[in-house]
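# Summary of the model geometry
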Amino acid sequence: VLDQNETALFYLQQHLKDFPCIRYFVGDIRNKEKVMWATKGVDIIIHCAALKHVPSCEYNAPEAIETNVLGLSNVINAAKEQRIDKCIYISTDKAVNAHNTMGITKLLGERLMINASMGETTTKFSTVRFGNVLNSNGSVIPLWKKQIKSGGPITITDPEMNRFFMTLKDAVNLVLDLTAKTKGKETYILKMKALKIKDLAQVLINEL
């Protein structure tokens, strides 16, 4: 496990303390040497690291490019050099018809993954495209819960926006399914349920 969040890594290590086979690295995918070191002896890479908040990526576009594009390039190069069997990239539905910095960097990531299979390499490179993972870290539901419990109001950019949602279990199963079946160059997409963001907000208000 390679993560720049030392605290989260510590808690993960405590949670998985019964699994001594796991190695824990504090580091950033922007660091080529650390990525190379962390992937030594690994069979499969599941690459989840990204700057994913749309407003943050708009305001910090160079940082989004550094992580979402150049960092991914480091992972791809490490996978080739270390002769990794499979490299799975987590993308987003925002890469479709991308019109913001976050979506554009993830679309570039998908293109990098497709082109990674070119040339002499035995690594299978594939992409899985997520929607909004319900109740995950940094998602809108934990934020809204906090805002509602504080008496409101809740923040919605556009109430008429349709969003695609999946559960955490859906997300995990999709990655595992692709990892088992991939032949390289695929983009896996779950047929997700869509709803208006204002309807989701109303359900939470009613529940809480």
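Refer to the structure presented above.
Before going into details, it helps to say that this report is about the structure given with it.

### Some points on the packing of aromatic side chains
Following the criterion strictly, the structure yields two aromatic pairs and no others. Geometrically, the ring pair formed by phenylalanine 25 and tryptophan 37 is tilted, given 5.3 Å between the ring centres and 55° between the ring planes. Here phenylalanine 25 is found in strand 2 (residues 25-26), whereas its partner tryptophan 37 is found in helix 2 (residues 32-38), with 12 residues between them in sequence.

### Some points on the side chain of asparagine 100
Within the element layout of this structure, asparagine 100 appears in the loop between strand 4 (86-92) and helix 5 (101-116). The exposure class assigned to asparagine 100 is buried, which follows from its relative accessible area of 14%. Other than its neighbours up to four places away in sequence, asparagine 100 contacts Val54 and Glu58.

### Looking at helix 6 (residues 140-149)
Where helix 6 is concerned, the buried positions are Ile141, Trp144, Gln147 and Ile148. Down the axis of helix 6, the sector holding all buried residues measures 125°, keeping them to one side. Exposed and oriented more than 90 degrees from the buried face of helix 6 are Lys146 and Lys149. In this fold, the buried residues of helix 6 make contact with helix 8 (197-207). Two residues or fewer after helix 6 comes glycine 151, characterised by a positive phi angle close to 100°.

### Here we look at the sheet that holds strand 3 (residues 44-47)
With parallel pairing, the four strands of this open sheet are ordered in space as 3-4-5-8. Only two strands of the sheet have a single partner each, and these edge strands are strand 3 and strand 8 (187-189). Within this sheet the neighbouring strands show an average axis-to-axis angle of 20°, counted without direction. As paired strands, strand 5 (residues 124-130) and strand 8 are joined by three bridges and run parallel to one another. Residue pairing across strands places threonine 127 opposite threonine 187, the latter belonging to strand 8. Against the sheet, helix 7 (residues 168-181) engages strand 3, strand 4, strand 5 and strand 8, with an angle of about 160° to strand 5.

### Things to note about the nonpolar core
Counting residues in each nonpolar core, the largest one holds 14 residues, and the members touching the most others are Ile45, Val75, Ile76, Ala79, Cys87, Met113 and Phe125. Residue assignment for this core shows that the elements contributing at least two residues are helix 4 (61-81), strand 4 and helix 5. Broken down by element, the residue count for this core peaks at five residues, all from helix 4. Ignoring any residue separated from it by four or fewer positions in sequence, one finds cysteine 87 in contact with Ile45, Val75, Ala79, Met113, Thr123, Lys124, Phe125 and Ser126. Among the nonpolar cores identified, the runner-up in size contains 11 residues, and Ile90, Val128, Met166 and Val175 belong to it.

How each quantity is defined
- Residues numbered from 1 in each chain as written.
- Predicted model: local features only at pLDDT ≥ 70, side-chain atom pairs only at ≥ 80, totals over all residues.
- Heavy atoms only, no water.
- Phe/Tyr/Trp six-rings, centres within 6.5 Å; stacked < 30°, edge-to-face > 60°.
- Helix = DSSP H or I, 4+ residues; strand = E, 2+ residues; numbered from the N terminus.
- Buried < 20%, exposed > 50% of the residue type's maximum accessible area, 1.4 Å probe, protein only.
- Contact = heavy atoms within 4.5 Å.
- Arc of directions from axis to C-beta.
- Pairing = 2+ DSSP bridges.
- Axes fitted to C-alpha atoms, helices over the stretch in contact; angles between N-to-C directions.
- Core = buried A, V, L, I, M, F, W, Y, C linked by side-chain atoms within 4.5 Å.

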